[in-house]
Structures are given as structure tokens and as C-alpha cells.
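# Survey of secondary and tertiary structure
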Amino acid sequence: MNVQICELCMKSNVLCSGCDDKLKKGKISEMDVKISRLLYKLKDKYNLQNAGFTKAIDLGRVVLVLTNKDVGLLIGREGKVVAEISQAVGKKVRIAEMSGDIKKTIADIVAPAKILGINKIYRKEGNLYKVRFSRREIKQLPVDINTLEKALKSLLGSEVMIVFE
Ligand SMILES: [Zn+2]
């Protein structure tokens, strides 16, 4: 299983100095630790040996759980795994794939809203991603625009601007 804390820390209730350092530096969050441990606990019950967990992003009403492996594994048969995660974090959970294809990752995150296009704008001060939607998609967005911009920014490590056309 591929998660952000080491196996020792998945099994125990304390963090080793290496993982604790990641937490203090903000590379991982308390929620990431919680979900990693939960997945470890569930791994035999739901066959999660090949599952991956990259990061959890709190979108307010919904927690987005990103995986670099098969999305289906973290959803589980009849949604059982995602239901367990949801119960542990106390919020609705959506699983999305974090792939090399940024467009696909963003599409997963904003579903059911559909993206018109993404433009990467190269700037001296850092790249900017312009994520474009049709105006009628506003209601379909899973979260408000501000929260979404912040979440995408933390995910992409670049400025993100959401525009409606
Ligand atoms: Zn550790």
C-alpha cells in the first residue's frame, strides 16, 4: 500500500520523527495520517494491498481523497471503503485520481461540473492555470469557487484561476 506515512506509523498511534517532521512542515495533514491508518486497518478486509493514497483535501462539505492508483480500490465494492473513510473523517468523501494528466485530475475533482478547457499560462512569477467552465456549470460545482481555487492551488503548486464564460 502506497501512503504518505511509513508502515511503522500506520500500525502505531504515534508518529516516528520522520513522519512527525512531515506533519510539522505541512507536507501531510492530520487527516492524511488518519486516513492512512484507517486504510492500513482495512487492508485485509477490503484487499487494499495495491491501493494508493496521495493526499486528502478538505473542501468544506466534502473531503477529496486523491489516489495515484486505482480509484476503484478506495471506493470499494458497493462503496464500502469510501463509506468507512467518510465515517472516520465525519464528512462526505470523494475519491479522485491524481495522475500525470492534470486535466483529468481536475476533471475528477470538479465533477459533476464539466470543464471547457484548461490553459496553462507561463509567467515570470510562476505558472497560472486558468480553468474554464461554461456559466451554466456553476451550479454543478461540488464546492464554492474560492475553496476550489485554494484546493487546486495546493494540489498543483501553482496559482489557479477559475473562470466562467
Ligand atoms: Zn513514520
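Once a new chain begins, its residue numbering starts again from 1 and follows that chain's sequence as written. Selection of residues for local features in this predicted model requires a pLDDT of at least 70, selection of side-chain atom pairs for listing and counting requires 80 or more, and totals for whole chains, interfaces and linings are taken over all residues.

## A short note on the overall build of the chain
So the rule is basically this: Only DSSP runs of H or I with at least four residues qualify as helices, and only runs of E with at least two residues qualify as strands; both kinds are numbered from the N terminus onward. Here the radius of gyration uses the C-alpha set of atoms, whereas the globule reference equals 2.2 Å times the residue count to the power 0.38. Contacts are defined on C-beta atoms placed from the backbone: any two residues whose C-beta positions lie within 7 Å are in contact.
Helix and strand content of the chain: seven helices and six strands. Element order for the chain, N to C, with α for helix and β for strand: α-α-α-β-β-α-α-β-α-β-β-α-β. Computed over the C-alpha atoms, the radius of gyration of the chain is 17 Å, within 12% of the 15 Å expected from 2.2 N^0.38 for a compact globule of 165 residues. Along the first, second and third principal axes, the C-alpha set of the chain runs to 50 × 40 × 25 Å. Long-range pairs, those at least 24 residues apart, make up 53% of the contacts in the chain with a sequence separation of at least 6.

## A word on the nonpolar core
Just so we agree on the cut-off: For the purposes of this analysis, a nonpolar core is taken to be any set of buried Ala, Val, Leu, Ile, Met, Phe, Trp, Tyr and Cys residues that are connected through C-beta atoms within 7 Å. Backbone-placed C-beta atoms define the burial measure: a residue is buried with 20 or more other C-beta atoms within 10 Å of its own, exposed with 12 or fewer, and partly exposed in between.
In terms of nonpolar packing, the biggest core is built from 35 residues, with L64 and V65 touching the most fellow members. In contact with L64, not counting residues within four places along its chain, are A56, I57, L59, R94, A96, I109 and A151.

## Comments concerning the domain arrangement of the chain
Note the threshold: An automatic or database domain assignment supplies the start and end points of every domain.
As far as domains go, the chain holds domain 1 (1-98) and domain 2 (100-165). Domain 1 and domain 2 are separated by 24 Å when their C-alpha centres are compared. Facing nine residues of domain 1, the contacting portion of domain 2 comprises 10 residues. Of all the secondary structure elements, the ones that give two or more residues to the side of domain 1 that touches domain 2 are β2 (62-67) and β3 (92-97).

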